Amino acid sequence: MRVTKAELVQKLNKIKGIVPKTTTIPALQSILVKDGYLIANNLEMTVKAKLEGTDGDLFLIPQKAFDLITNLPEGEVEIIPNGKDGIAIKAEKIKNTYQTLSPDLFPENEIICEEGLEFTLESEELLKAMRHVAWAISKQNGPMGALCLQAADGHLNFVALDGHVMAWDNLDYEGVFELLIPKNTVEKILSIGLEGEVFIRYSKTAAVFATDTFEVYTRLVEGNFYPYQNMFKVAPINTGINRSELLDAMIRAKLCTAEKTPSRFEFSGISLDISLKDSTTDYNETLPIEDELSKKLAIGFDARLIIEALKAYESSGVRLGLINANSPMIIESSDSNLKTLVLPVKIRG
């Protein structure tokens, strides 16, 4: 194998985070070079990165060699199998050898799906929709710890929730299926930066997201996702607001305290008064809203959730939908299908 150091390090950095720190299968603590790909596997997820100039090669790069490769001088790097259980790494006048395991001991995950259980999306559309909702995926195990990728009623829905907030985006799509993609896999897909067409295949237990350069295999989360559609009801109190102004106000309010005191939203007429009061701060700010409201409403929110929700939007304005002080607020984009539901918290007065 003879490649440029820059390309090898770039691909290595994309996938080395998959290599497990501890495992009962020692070979997984290496990266497999096989059939023109670098391959990392932790049994739950496999990531393959295409690397030109490696066709026909078959060996393992041990984890302890990653730092050396990163710190080699620019130029060509040559990695040569040294028998079945070793490799030599060369660059200019540098040479080092490593003991490795046989590549035959490295398990590879494959997906076998029935015909028709596949579709293609443009990477820009896929990644944009994933970014819109990924922040809301819970850290819990089970369905809440996954992104729900559900095709139904002419849409491909991207949904995430953590018990306090729910984010929902969708694209036009004809088909019917539901895949629960683990949080770690979603984060890896977003960090790799897929380009071009993404070919997606799936079975009952696994899915693959593939481009000309990368492939991401993942096990699917078992179980049924929350029936989210019924949560996004038409709210009688509805108004528009400048997204950046609201986001900046929430960041300022949050910066003024280290406590978990909720932010108070008070809607009245053509303004939204934001306040946060605790033992360390007494913050107040007033923002204009687009639609005059006939009724006053005071409601509390976790400032952190509002900040995270607003950061996911790209539009200059958003619509805020409310029912009462005990019901969730719905945030809708003015230029996309993104919707977010944020549960309120109790406030005094």
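About the thresholds
Residues numbered from 1 in each chain as written. Predicted model: local features only at pLDDT ≥ 70, side-chain atom pairs only at ≥ 80, totals over all residues. Heavy atoms only, no water. Helix = DSSP H or I, 4+ residues; strand = E, 2+ residues; numbered from the N terminus. Expected span 1.5 Å × (residues − 1). Buried < 20%, exposed > 50% of the residue type's maximum accessible area, 1.4 Å probe, protein only. Pairing = 2+ DSSP bridges. Axes fitted to C-alpha atoms, helices over the stretch in contact; angles between N-to-C directions.

Asker: Break down helix α3 (residues 123–134) for me, citing the residues and quoting the values.
Answerer: Along its twelve residues, α3 runs 16 Å from first to last C-alpha, staying within 8% of the 16 Å computed at 1.5 Å per residue. Taken together, the buried positions of α3 are occupied by S123, L126, L127, A129, M130, H132, V133 and A134.

Asker: Hey, could you go over the pairing of strand β16 (residues 214–219) for me, with residue numbers and the actual values?
Answerer: When strand β4 (residues 45–50) meets β16, the two strands line up antiparallel, connected through five bridges. Along β16, the bridge assignment pairs A49 with F214. For strand β15 (residues 206–210) and β16, the ladder comprises five bridges, and the chain directions are antiparallel. Counterpart to V208 in the pairing with β16 is Y217.

Asker: Mind laying out the sheet that holds strand β6 (residues 76–81), listing which residues take part and the relevant values?
Answerer: The strand order across the open sheet built from four strands is β1-β6-β7-β8, with neighbouring strands paired in antiparallel fashion. The open sheet terminates on both sides in strands that have one partner only, identified here as β1 (2–4) and β8 (94–99). Averaged over all pairs of adjacent strands, the angle between their axes in this sheet comes to 20°, without regard to strand direction. By the bridge criterion, four bridges tie β6 to strand β7 (residues 86–91) in an arrangement that is antiparallel. What sits directly across from I80, in β7, is A88.

Asker: Help me get a handle on unusual backbone geometry, residues and values and all.
Answerer: We note that D35 has phi near 55°; this positive angle belongs to a residue other than glycine. Note on placement: D35 falls in the loop between β2 (30–34) and β3 (37–41). Not every positive phi belongs to a glycine, and D153 is a case in point at roughly 55°. Positionally, D153 belongs in the loop between β10 (146–152) and β11 (155–161). Owing to a relative accessible area of 75%, D153 belongs among the exposed residues under this scheme.

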